[in-house]
Amino acid sequence: GSIDFSGLKTLVNRELKNEEFSFVLSEAKGDEEGNVTDEKEIETVRNDADGKITFKTVEFTEETMKDENGERVTEKTLYFTVKEAVPENRDKTVIYDSSVKLIKVVLTDDLEGNITADVEDGTNEFSFRNIVVKSKKVDITTQKELEGAKIEIIDQETNEVIFEFISGKEETDD
């Protein structure tokens, strides 16, 4: 059996470039509440010019169908995650999509060489959306930029600063 993972990248306020963003597909382990506790990277890919994200086909074999004791089982549940890899030297004008796509796959082995893979939770087709932010703080009467004005965009759920800008003498992209 096998499964394909594919998605779409969109960028707001600027045209998307070929191979601009990276995405990581991993096999994941989780707890009973569905929280990811460990991930093993399978592949990292980049988007194409149209925003398409395509990972190689993941194949499941008889070896896949073994439990932690090495015994072959007829049903097994695997989890996969897909997320955007934010580079260390990231573009500071971009608010990256920090979502993690969790995909639950149930494998069934008929013990005659046929393994079927069914996506149960989530989907093996996903999307990520980034936003380009350009900002400038100006005096309302003179329309001149105010040096040192600080703007922060804060994620309401995590209270994390996802974009920060301190104005200079001229308009800037970061």
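Because the structure is a prediction, the values reported are computed rather than measured.

Colleague: Go over the confidence of the model for the protein chain, please, and point to the residues and values.
Modeller: Regions with low pLDDT carry predicted coordinates that are not meant to be interpreted in detail. Scored by pLDDT, the protein chain comes out at a mean of 87, with 91% of its residues at no less than 70. Ranking the helices and strands of the protein chain by mean pLDDT puts strand β5 (residues 52–54) first, with 98, and strand β13 (residues 161–166) last, with 74. Confidence drops under a pLDDT of 50 for residues 170–174, and excluding neighbours within four residues, the segment shows eleven contacts in the predicted structure.

Colleague: Give a detailed account of the sheet that holds strand β2 (residues 6–12), specifying residues and quantitative values.
Modeller: Read across the open sheet, the four strands follow the order β5-β2-β11-β8; overall the sheet is mixed. Only two strands of the sheet have a single partner each, and these edge strands are β5 and β8 (94–95). Pairing between β2 and strand β11 (residues 125–132): seven bridges, direction parallel. Bridging across to β11, T10 finds its partner in R129.

Colleague: Could you give an account of the pattern of salt bridges, with specific residues and numbers?
Modeller: Taken as a whole and judged by the stated rule, the model has eight salt bridges. Between D91 and R14 there is a salt bridge, with the nearest N and O atoms lying 4.0 Å from each other. With D91 in the loop between β7 (75–85) and β8 and R14 in the loop between β2 and β3 (22–30), this pair connects stretches of sequence that are 77 residues apart. Judged by its relative accessible area of 26%, R14 falls in the partly exposed class. K104 is the partner of E120 in a salt bridge, and the nearest nitrogen-oxygen pair spans 3.6 Å. On the criterion of sequence distance, the pair formed by E120 in strand β10 (residues 115–121) and K104 in strand β9 (residues 100–109) is long-range, its members being 16 residues apart. E120 gets classed as partly exposed once you look at its relative accessible area, which sits at 47%. Among the ionic contacts, a cluster of salt bridges with common partners joins R14, E20 and D91.

The rules we used
- Residues numbered from 1 in each chain as written.
- Predicted model: local features only at pLDDT ≥ 70, side-chain atom pairs only at ≥ 80, totals over all residues.
- Heavy atoms only, no water.
- pLDDT = per-residue confidence, 0-100.
- Helix = DSSP H or I, 4+ residues; strand = E, 2+ residues; numbered from the N terminus.
- Contact = heavy atoms within 4.5 Å.
- Pairing = 2+ DSSP bridges.
- Salt bridge = Lys/Arg side-chain N within 4 Å of Asp/Glu carboxyl O.
- Buried < 20%, exposed > 50% of the residue type's maximum accessible area, 1.4 Å probe, protein only.

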